[in-house]
Amino acid sequence: MKTDQLIAALAADADSVERPIGRTLAIAVAGGAVGAVILFAVMLGTRPDALASLTSPRFLFKFVITLSLLASALGLVWNLARPGAVPIGWLLALAAVPVLLAVGSVAEMITVPPAEWGRRLAGSNSGMCVILIPMLSAIPFAALLFALRKGAPSRPMLTGAVAGLVSAGIGATLYATHCPDDSPLFVATWYVIATGFMAMLGAAIGERLLRW
Amino acid sequence: MAQLNREEEWAALMRAAIAGDAAAYRRLLDQLSYSLRAATRRGFAQFGAAMNDVEDVVQETLLAIHLKRHTWDASQPLGPWVRAIARHKLIDALRRRGRRIEIPIDAVIDFLPAEEARSDLDRQDAQRLIGELNGRQQTIVRSISVEGKSIRDVAENLGMNEGAVRVALHRGLKALAAMHRRGDEE
């Protein structure tokens, strides 16, 4: 087949254009988040004092972290789904999340006596945290990877990893309303382990699944 | 200036194509194919790959542009998006040929003005991947590409409705793209 002939066939197929990738991603993230919320409501539910805790800076700080992770990872994956350079601005926004978490951890270490650090870090529920965040992330993770297959990422591995971060952002936000441990030291340890696991899983799957 | 005009023209053609204008789409792909051919040749030359299958890479890139055109943001220029796809496919193709990509390849993909690119007239026939399509898809893709028939004619000849021919054509093109890609793992 000559290239001109291929072009004739492509032009004859002009009607086949798919839904814009941005909309596909939006549907996947929204649908995945709804699925995660339902799973969360059925399986866990918010902790009894969640509303009363809205005045607690430590409780709120968990959402500063999980929501800034979610927002920056979303912005990044929106761009990564299309061919082209990695958008530096969103990458820096994502990199700011661990910096923020480190600042919170230092603040905690200043306000809490060293003898308390270990207990705060260990918390009461670390095993659950590491299991439940990936579990709550699973539906958005699958939905987003499925949507990204419609995309054309120049960096499949990185794109998969960031998809893992988006889903961990959703899972961790939900889990944070259930989890009784609010110390930044707890978040910086167990939430980070769970989030890192989702990112690695995403990288491993993305490298295979998102090639085009 | 010429660069700017071309960007505007390309973006306008792609917008028309996405709205279903097959003639605009054909004109766009035709223009892109010249730039892609020149860029692929430069890439192959730079990495010392044999020139005999440049056209395969051009076709694979055109197929990717076609199947991924919903990832183009219509508010952006088309050129950078096309270059990113071309770069991706060129790197794949060079790796498949055992080349290690050590230097930035972006400069290679910088498109020449169309006039200069047009001097590349010695186009080769690409591989016979079409022969590997399944029966019905092969007949339909071959009729529309190699034989230049219209969808309506093909539908009439095969006693199918036009919608079914369109679906088979699209699936056939997807299958062609997948065959190109499978070359990666060989």
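Residues numbered from 1 in each chain as written. Chains lettered and ligands numbered in written order. Predicted model: local features only at pLDDT ≥ 70, side-chain atom pairs only at ≥ 80, totals over all residues.

Attention now goes to the overall build of chain A. Scanning chain A for helices and strands turns up eight helices and zero strands. Counted from the first residue to the last, chain A has its helices and strands arranged as α-α-α-α-α-α-α-α. Across its three principal axes, chain A shows a C-alpha extent of roughly 75 × 35 × 25 Å. By the burial criterion, 47% of the 212 residues in chain A qualify as buried. Within chain A, counting contacts between residues at least 6 apart in sequence, those at least 24 apart form 87% of the total. (Helix = DSSP H or I, 4+ residues; strand = E, 2+ residues; numbered from the N terminus. Buried ≥ 20, exposed ≤ 12 C-beta atoms within 10 Å, placed from the backbone. Contact = placed C-beta atoms within 7 Å.)

Across its full length, chain B holds nine helices and zero strands. Counting every position in chain B, which comprises 186 residues, the buried fraction comes to 39%. For chain B, the share of sequence-separated contacts (at least 6 apart) that also reach a separation of at least 24 residues comes to 65%.

Residue placement: A:L94 occurs in helix α4 (residues 88–111). If near-sequence neighbours (up to four positions away) are discounted, A:L94 is found in contact with A:S72, A:A73 and A:L76.

Right, let's get into the interface of chain A and chain B. It is common to give the size of an interface as the accessible area lost on bringing the parts into contact. Taken together, the contacts link 28 residues of chain A with 40 residues of chain B. By residue number, the principal contributor to the side of chain A that touches chain B is helix α1 (residues 3–12) of chain A, which donates nine residues. Here the residues of the side of chain A that touches chain B sort into 16 nonpolar, six polar and six charged. (Nonpolar A, V, L, I, M, F, W, Y, C, P; charged D, E, K, R; others polar.)

The end-to-end C-alpha separation of helix α9 (residues 162–182) of chain B is 30 Å, in line with the 30 Å expected for 21 residues at 1.5 Å each. Along α9(B), the residues classified as buried are B:V165, B:A168, B:L169, B:H170, B:G172, B:L173, B:L176, B:A177 and B:H180. (Expected span 1.5 Å × (residues − 1).)

It is worth spelling out the environment of A:K62 at this point. All names here are of chain A. Structurally, the position occupied by K62 is in helix α3 (residues 57–80). When the C-alpha atoms of K62 and D182 are compared, they prove to be 6.9 Å apart, with 120 residues separating the residues in sequence. For K62, the residues in contact, after removing those within four places along its chain, are A176, D182 and V187.

Within the largest apolar cluster, 57 residues are counted, with the highest numbers of intra-cluster contacts made by A:A9, B:L62, B:I144 and B:L169. When residues of this core are traced back to their parent elements, those giving at least two are α1 of chain A together with α1 (2–18), α2 (22–46), α3 (54–67), α4 (79–96), α7 (135–144), α8 (151–158) and α9 of chain B. If one sorts the elements of this core by residue count, α2(B) sits on top with nine residues. Lining this core are residues from two domains, each supplying at least three of them: domain 1 (2–117) and domain 2 (129–185) of chain B. Formed by 54 residues, the second largest nonpolar core is a distinct cluster that contains A:A81, A:L144, A:C179 and A:L210. (Core = buried A, V, L, I, M, F, W, Y, C linked by C-beta atoms within 7 Å. Domains from an automatic or database assignment.)

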